Structures are given as C-alpha cells and as structure tokens.
Amino acid sequence: MSMAPTAHNGAKQGEIAKTVLMPGDPLRAKYIAETYLENPVLVTSVRNMFGYTGTYKGREISVMGGGMGMPSVGIYTYELFHFYGVEQIIRIGSAGALQDGVKLMDVVIGMGACTDSNYAYQYGLPGTFAPIADYGLLAKAVDTAKAQGTHVVVGNILSSDIFYNADTTVNDKWRSMGVLAVEMEAAALYMNAAAAGKKALCMLTISDLIYGEEKLSAEERQLGFGKMMEIALEL
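Rules and cut-offs
Residues numbered from 1 in each chain as written. Predicted model: local features only at pLDDT ≥ 70, side-chain atom pairs only at ≥ 80, totals over all residues. Heavy atoms only, no water. Helix = DSSP H or I, 4+ residues; strand = E, 2+ residues; numbered from the N terminus. Buried < 20%, exposed > 50% of the residue type's maximum accessible area, 1.4 Å probe, protein only. Contact = heavy atoms within 4.5 Å. Salt bridge = Lys/Arg side-chain N within 4 Å of Asp/Glu carboxyl O. Axes fitted to C-alpha atoms, helices over the stretch in contact; angles between N-to-C directions. Parallel < 35°, antiparallel > 145°, perpendicular 65-115°, else oblique. Left-handed = near helix turned anticlockwise from the far one by under 90°. Nonpolar A, V, L, I, M, F, W, Y, C, P; charged D, E, K, R; others polar. Pairing = 2+ DSSP bridges. Phe/Tyr/Trp six-rings, centres within 6.5 Å; stacked < 30°, edge-to-face > 60°. Lys NZ or Arg CZ within 6 Å of the ring centre and 35° of its normal.

**Student:** Please give an account of the environment of Val-102 that cites residues and values.
**Tutor:** Mapped onto the fold, Val-102 is located in the loop between strand S5 (88-97) and strand S6 (107-115). For Val-102, a relative accessible area of 4% translates into the label buried. Sequence separation between Val-102 and Phe-129 is 27 residues; the distance between their C-alpha atoms is 27 Å. Discounting residues that sit within four places of it in the chain, Val-102 has contacts with Ala-97, Val-108, Leu-180, Ile-206 and Leu-209.

Pasting the structure below:
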C-alpha cells in the first residue's frame, strides 16, 4: 500500500521541501534538479511528472513539474500546499509577449494574473477575485535580478485556458490593457496560495512574440532559461 498522501504524487511525507520551484515541463524540472541542486533525489514520477528534492547553497529545495494549464497546476499546487506542508511555490515558465517592449528571453514577473478561467467560482465570492503574487517573493526576485544584472519586467500577465483561441482578436484586447504576456497557469497558483494562506510567485521567460515572428524551440525552452532559474533558486 502506498504511503503517499495523494494519487498524483508519489512522494512520502517529509520528502518535499517547504519551497518548490515549478516549471510546467517535467523534463525542465529534471534539468534544473540535475544542473543546480546538490544530491537531487527523485521523490515522485507519477504520470512522468518528475519531482526532485535536493539542496542549493545548503537550503533544501524541491523542483517539480506542474503540467500545462490551470486544471493541472491547480491539482499539483493544491496538494503541495495542503498535503505536503509546502510554504511557497515559485512557477518558472515560458510565455508569449503581448507588448512590443517585451523581448525574446526577457524575464517577466507576474505581479498580477488576469484570467479568462472560471477557476475562482469555487470560492463563492461576491465579485471578481484579483490573483496576485506574494509581495515579499516579488520584491526579493527583483532585488536578486538587479544584483545579477538581469533585466526583468514586472506587471500584469494573462493566464488563459485557451491556447488555440477561436476569437482571433482576444490578444489585442488584453494588449490594449497593458498586459505584458500570456501563459496558462499563474492565476490558479495564485488563487490556491491565497486560499491556503501560502506564498506564490510566477516568473516567466519570453519564448515567443505574439506580435512578431521570433520564437524559441522546444529544446531552447527546456534548457535556455538559466537566468530565471538562478533568480528563483535564490528565493
């Protein structure tokens, strides 16, 4: 009989650190663990969603994939917060730039996460919830980036449920409101953290330009986000 507290995560109690870095791609989680962590141990591989725990500069850190979209990241982050005692989750992902001033490989930090998802319906709120990052994590990420000499852009991002949207004008509407970039997970992470009284931050490396032709390959997305990873590890 399994000693794991959920059907989606094979780690036992105590095998996941209080801080979790969460890329979407499980192979990126594997790369981060093997490249940056000391003595990384694979603690879960259920559904090939790899999770590792190791140390970085003497501090215990876990890194685990979160999958694509809010339903996927919603399950994993809920379980980490509620069943594994995780205190903070830092999403490190990719995004498409919506603004002309945001360039390929720029690091964007999501201060807030707009969304077209109905994820917040479960809370029965009498209005529209605004999912935001933990300010302490955000401020430290900005300070760390400055110390590294890494340019970051901080502002509103969009967490969308739809990758191939039938409404071809949808990006223009979010762009007109100053939204920096679009991804698919942060809003659910921020809501789960708020409901659990925990901390969350989403950092993104721009992998393609919605209003341009440039984009990164799948391999570049997996391996080329070093600056963002280094910032996250310092948090």
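Picking up where we left off.
**Student:** Quick one: what's the story with the pattern of salt bridges, residue by residue and with numbers?
**Tutor:** Two side chains carrying opposite charge are able to pair once their charged atoms lie near each other. A full pass over the atoms with the stated rule returns seven salt bridges. Between Lys-57 and Glu-234 there is a salt bridge whose closest N-O contact spans 2.6 Å. Here Lys-57, found in the loop between strand S3 (51-56) and strand S4 (59-64), pairs with Glu-234, found in the segment after helix H7 (226-233); they are 177 residues apart in sequence, far enough to count as distant. A relative accessible area of 57% means that Lys-57 is categorised as exposed. Classification of Glu-234 as partly exposed rests on a relative accessible area of 22%.

**Student:** So what about the packing of helix H3 (residues 135-148) against H7? Which residues, and what values?
**Tutor:** Viewed as axis vectors pointing N to C, H3 and H7 meet at an angle of 125 degrees, and their least axial separation amounts to 9 Å. As the angle between them shows, H3 and H7 are arranged oblique. Pair H3 / H7 crosses with right-handed handedness. Across the interface between the two elements, Ala-141, Thr-144, Ala-145 and Gln-148 of H3 pack against Lys-227, Glu-230 and Ile-231 of H7. In terms of residue class, the contact of H3 with H7 is made up of three nonpolar, two polar and two charged.

**Student:** So what about the pairing of strand S1 (residues 19-22)? Which residues, and what values?
**Tutor:** Looking along a regular strand, one sees the side chains alternate between the two faces of the sheet. Residues Thr-19 and Leu-21 point to one face of S1 and Val-20 and Met-22 to the other, with burial holding for every one of them. Where S1 and S4 come together, two bridges link them in parallel fashion. Looking at S4, one finds that Leu-21 is bridged to Val-63.

**Student:** Kindly report on the packing of aromatic side chains, identifying the contributing residues and their values.
**Tutor:** Each aromatic ring pair is characterised by the separation of its centres together with the angle its planes make. Applying the stated criterion to the full structure yields two aromatic pairs. With centroids separated by 6.1 Å and ring planes inclined at 80 degrees, the aromatic side chains of Tyr-78 and Phe-83 adopt a geometry described as edge-to-face. Ring geometry for Phe-163 and Tyr-164: centres 4.8 Å apart, planes at 75 degrees, overall edge-to-face. Stacked on the ring of Tyr-211, the Lys or Arg Arg-175 has its end atom at 4.1 Å from the ring centre.

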